[in-house]
Amino acid sequence: MIALSGINKIFKRPDGRQVFGLKDINLEIGQGEFAAIVGPSGSGKSTLMNILGCLDKPTSGQYKIKGQLIGDKSDKEISAIRNKEISFIFQSYNLLTKLNAIENVELPLVYRKIPLNTRRTEAYRALCQVGLQDRMLYKPSHLSGGQQQRVAIARTLASKPSVILGDEPTGALDPATRNEILNIIKDLVALKGITVVLVTHDMDIANMAKRVIKISEGLIIEDYKN
Ligand SMILES: Nc1ncnc2c1ncn2[C@@H]1O[C@H](COP(=O)(O)OP(=O)(O)OP(=O)(O)O)[C@@H](O)[C@H]1O
Ligand SMILES: [Mg+2]
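Residues numbered from 1 in each chain as written. Chains lettered and ligands numbered in written order. Predicted model: local features only at pLDDT ≥ 70, side-chain atom pairs only at ≥ 80, totals over all residues. Heavy atoms only, no water.

Peer 1: Would you explain the site of ligand 1 in this entry?
Peer 2: Near ligand 1 you find Phe11, Pro40, Ser41, Gly42, Ser43, Gly44, Lys45, Ser46, Thr47 and His201, and these make up its full shell. Measuring from an oxygen atom of ligand 1, one finds a side-chain N or O atom of Lys45 at 2.7 Å. Between ligand 1 and Ser46, the relevant distance is 2.8 Å, taken from an oxygen atom to a side-chain nitrogen or oxygen of the residue. Here ligand 1, which alone exposes 640 Å², has 59% of that area covered by the protein. The residue makeup of the shell around ligand 1, split by class, is two nonpolar, seven polar and one charged. (Near = heavy atom within 4 Å. Polar contact = N/O pair within 3.5 Å; in protein donor to acceptor, adjacent residues only side chain to side chain. Areas by Shrake-Rupley, 256 points an atom, 1.4 Å probe, with all protein chains shown as cover. Nonpolar A, V, L, I, M, F, W, Y, C, P; charged D, E, K, R; others polar.)

Peer 1: Looking at this structure, I do not really get the sheet that holds strand β9 (residues 211-216). What am I missing?
Peer 2: The pairing of strands in a sheet happens through backbone hydrogen bonds and is either parallel or antiparallel. Strand order in the open sheet formed by six strands is β6-β7-β8-β3-β9-β10, and the pairing between neighbours is mixed. Both outer strands of the open sheet, β6 (86-89) and β10 (219-225), are each paired with one neighbouring strand and no more. Strand after strand, the sheet turns through a mean of 20 degrees between neighbouring axes, direction not considered. Pairing between strand β3 (residues 34-38) and strand β8 (residues 195-199): four bridges, direction parallel. Residue Ala35 lies in a different strand from β8, and its bridge partner there is Val197. The sheet contacts of helix α2 (residues 75-85) involve β6 and β7 (163-167), and relative to β6 the element is tilted by about 65 degrees. (Pairing = 2+ DSSP bridges. Helix = DSSP H or I, 4+ residues; strand = E, 2+ residues; numbered from the N terminus. Axes fitted to C-alpha atoms, helices over the stretch in contact; angles between N-to-C directions. Contact = heavy atoms within 4.5 Å.)

Peer 1: I keep staring at the packing of aromatic side chains and nothing clicks. Help me out?
Peer 2: Any pair of aromatic rings gets described here by the distance separating the centres and the angle formed by the planes. Applying the stated criterion across every chain yields a total of zero aromatic pairs. One Lys or Arg, Arg135, reaches over the ring of Tyr138 and ends 5.1 Å from the middle of that ring. (Phe/Tyr/Trp six-rings, centres within 6.5 Å; stacked < 30°, edge-to-face > 60°. Lys NZ or Arg CZ within 6 Å of the ring centre and 35° of its normal.)

Peer 1: Help me understand the environment of Gly32, please; the structure alone is not making it clear to me.
Peer 2: Within the element layout of this structure, Gly32 appears in the loop between β2 (18-29) and β3. For Gly32, a relative accessible area of 26% gives the class partly exposed. Considering only alpha carbons, one finds Gly32 and Val196, 164 residues apart in sequence, at a separation of 7.2 Å. With sequence-adjacent residues up to four places away left out, Gly32 is seen in contact with Val189, Gly193, Ile194 and Thr195. (Buried < 20%, exposed > 50% of the residue type's maximum accessible area, 1.4 Å probe, protein only.)

Peer 1: Would you mind going over the packing of helix α3 (residues 101-111) against helix α4 (residues 116-129) with me for this structure?
Peer 2: In a packed pair of helices, the relevant descriptors are the angle between the two axes and the axis-to-axis distance. Two elements in contact, α3 and α4, have axes separated by 9 Å at closest approach and are oriented at 125 degrees. On the basis of their axis angle, the class for α3 and α4 is oblique. The interaxial crossing formed by α3 with α4 has right-handed handedness. Of α4, the residues touching α3 (which contributes Ala101, Ile102, Glu103, Val105, Glu106, Leu109 and Val110) are Leu116, Arg119, Arg120, Glu122, Ala123, Tyr124, Ala126 and Leu127. (Parallel < 35°, antiparallel > 145°, perpendicular 65-115°, else oblique. Left-handed = near helix turned anticlockwise from the far one by under 90°.)

Peer 1: Can you walk me through the pairing of β2 in this structure?
Peer 2: Every other side chain in a regular strand lies on the same face of the sheet, so the side chains alternate between the two faces. Both strand β1 (residues 2-12) and β2 contribute to a ladder of eight bridges, which runs antiparallel. Among the inter-strand pairings, Phe11 is bridged to a residue of β2, identified as Val19. Here β1 folds back onto β2, and the loop between the two strands holds five residues, one of which, Gly16, carries a positive phi near 95 degrees.

Peer 1: When you look at the packing of α3 against helix α5 (residues 145-158) in this model, what are you seeing that I'm missing?
Peer 2: Relative orientation of the contacting elements α3 and α5 amounts to 35 degrees, with a least axis distance of 8 Å. Judged by the sense of rotation from one axis to the other, the crossing of α3 with α5 is right-handed. Contacts between α3 and α5 involve Ala101, Asn104, Val105, Pro108 and Leu109 from the former and Val151, Ala154, Arg155 and Ala158 from the latter.

Peer 1: Help me understand the pairing of β8 in this model?
Peer 2: Most of β8 sits inside the fold, with five of its five residues counted as buried. Neither face of β8 is left uncovered, since the one carrying Thr195, Val197 and Val199 and the one carrying Val196 and Leu198 both have all their residues buried. Here β7 runs beside β8; their pairing, made up of five bridges, is parallel. Of the residues in β8, the one forming a bridge with Asp167 is Val199.

Peer 1: Got a minute to help me understand the pattern of salt bridges in this structure?
Peer 2: For the coordinates displayed, the defined rule picks out 13 salt bridges. A salt bridge links Asp15 to Arg13; its shortest N-O distance comes to 3.2 Å. The partly exposed category is assigned to Arg13, whose relative accessible area is 33%. Residue Lys214 is joined to Glu222 by a salt bridge in which the shortest nitrogen-to-oxygen separation is 3.3 Å. Salt bridges here are not isolated pairs; linked through shared partners, they connect Glu33, Arg211 and Asp223. (Salt bridge = Lys/Arg side-chain N within 4 Å of Asp/Glu carboxyl O.)

In structure tokens:
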């Protein structure tokens, strides 16, 4: 599903010095895998996630998603691939405050120009999957943090991605809500064969993943299966 080979990312600091964000990363993550990326602050986790999510390009090396070589593509082609294959779970949920729950869930389908009827049906189905069918007309401000996170997950489901990426997606939640959300994610992985890659500082969460990838100073230093 995801294949990185020889990925380097070099940043220029304001003083002109170069910093390595990532050094020679070689990594394959298969369809349906649930992988956690762990490592100290500044080790390159977000840099890696930005590349996986096609939000940033590596300085050198190859990234393939579903066999498609990203480096060869135009920005327009890359956004099309991102819209179709990838969904992000954000710590801040990224829900639009003016839209109600079902409209928020529909949003990725609007961008893909899916007709209204189909969109509504898909969004409703996704809200049912996370148990929020009775809250579909609520705006985010009238939902609890956990419910907002569920809306965000429903939005992810409705867009039927191949890959779900999250950079500390549960970081802002209390422990009980966090566990609830992780159980939902785990069920979804088992159910649909979606590839999930989450960055986390929390070893409890990492232990829930099938695979743990440890990064330090831009290098993969450990890669093991739970
Ligand atoms: N746009 C940028 N310009 C310059 N340096 C950057 C940039 N983005 C990241 N870096 C540097 O690259 C390294 C890796 O940063 P990254 O954000 O990937 O760390 P991280 O593992 O996500 O850390 P955290 O756990 O604190 O979120 C750091 O040394 C950081 O200062
Ligand atoms: Mg980070």
